[in-house]
Amino acid sequence: MTERIPVTQEGLDELNRELRHLIEVERPEVIEDLKAARAQGDLSENADYDAARDRQARVEARVRELEATISKVEIIDTSSKKKHKTVSLGATVTILDMGIDEEETFNIVGSVEADPENGKISNVSPLAQAMLEAVEGDVVEVNVEEPYQVKILKIK
């Protein structure tokens, strides 16, 4: 059975945007770069040709990676209608970091779209793993180099 990759609809839209950009913009640019480099003559010592081939390889590898990822996507329901009773994939969680007495809010997303600086943490991160299945009011310990505790304030 193929492993499914959890992604929000927003994350899937972003993956599709990136794929379209690579196919519709980057590929044609690379083709033009290759044509221009070939027109310079001898390819054996042509740095422009080598650079264009390297870029082409990166673009094609990313296209294949995105296509493979998109083919395995499982959409995470993040609709406001769905009320999360426990911390789970797709939930927005407000916590109190008890070590520094600071509140933070995170969305629990799949690892493909994790972006901690923008409040999106991967469901496989130590923080998310510690919080999974917790309910509001629970205090959980996050096991990293220096363990710390967080209190679940709000789940939506």
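Computed from a predicted structure; not experimentally measured.

Colleague: Any chance you could explain the overall build of the protein here in plain terms?
Modeller: On a plain count of helices and strands, the protein comes out with three helices and seven strands. The C-alpha atoms of the protein give a radius of gyration of 22 Å, which is well past the 15 Å a tight globule of 156 residues would have. Reported as C-alpha extents along the three principal axes, the dimensions of the protein are approximately 70 × 35 × 30 Å. For the protein, the centre of its 20 positive side-chain charges and the centre of its 34 negative side-chain charges are spaced 8 Å apart.

Colleague: Is there a simple way to think about the pairing of strand β4 (residues 102-109) in this case?
Modeller: For a regular strand, side-chain orientation follows a simple rule: the groups alternate between the two sheet faces. Examined bridge by bridge, strand β3 (residues 92-97) and β4 share six bridges and lie antiparallel to one another. Counterpart to threonine 92 in the pairing with β4 is asparagine 107. With antiparallel pairing between neighbouring strands as the criterion, β3 and β4 make up a hairpin whose turn holds four residues, including aspartate 101 at a positive phi of roughly 50°. The pairing of β4 with strand β5 (residues 120-122) spans three bridges and is parallel. Looking at β5, one finds that valine 109 is bridged to serine 122.

Colleague: What exactly am I supposed to notice about the sheet that holds β3 here?
Modeller: Pairing between the strands of a sheet is mediated by backbone hydrogen bonds and can be parallel or antiparallel. Spatially, β5-β4-β3-β7-β6 is the arrangement adopted by the five strands of the open sheet, whose pairing is mixed. Among the strands making up the open sheet, the edge pair consists of β5 and β6 (139-142). Ignoring strand direction, the axes of neighbouring strands in this sheet form an average angle of 45°. Of the pairings in the sheet, the one linking β6 to strand β7 (residues 148-155) comprises four bridges and is antiparallel in character. Across the sheet, valine 140 pairs through a bridge with valine 150, a residue of β7.

Colleague: Would you mind showing me how to read a negative patch on the surface here?
Modeller: Taken together, the side chains of Asp101, Glu102, Glu103 and Glu104 present a region of like negative charge at the surface. By the element assignment, glutamate 102 lies in strand β4.

What counts as what
Residues numbered from 1 in each chain as written. Predicted model: local features only at pLDDT ≥ 70, side-chain atom pairs only at ≥ 80, totals over all residues. Heavy atoms only, no water. Helix = DSSP H or I, 4+ residues; strand = E, 2+ residues; numbered from the N terminus. Rg over C-alpha atoms; globule rule 2.2 N^0.38 Å. Lys, Arg positive; Asp, Glu negative; His and termini not counted. Charge placed at Lys NZ, Arg CZ, Asp CG, Glu CD. Pairing = 2+ DSSP bridges. Axes fitted to C-alpha atoms, helices over the stretch in contact; angles between N-to-C directions. Patch = residues over 30% accessible without salt bridge, like charges linked within 9 Å, V, L, I, M, F, W, Y side chains within 5 Å. Areas by Shrake-Rupley, 256 points an atom, 1.4 Å probe, with all protein chains shown as cover. Salt bridge = Lys/Arg side-chain N within 4 Å of Asp/Glu carboxyl O.

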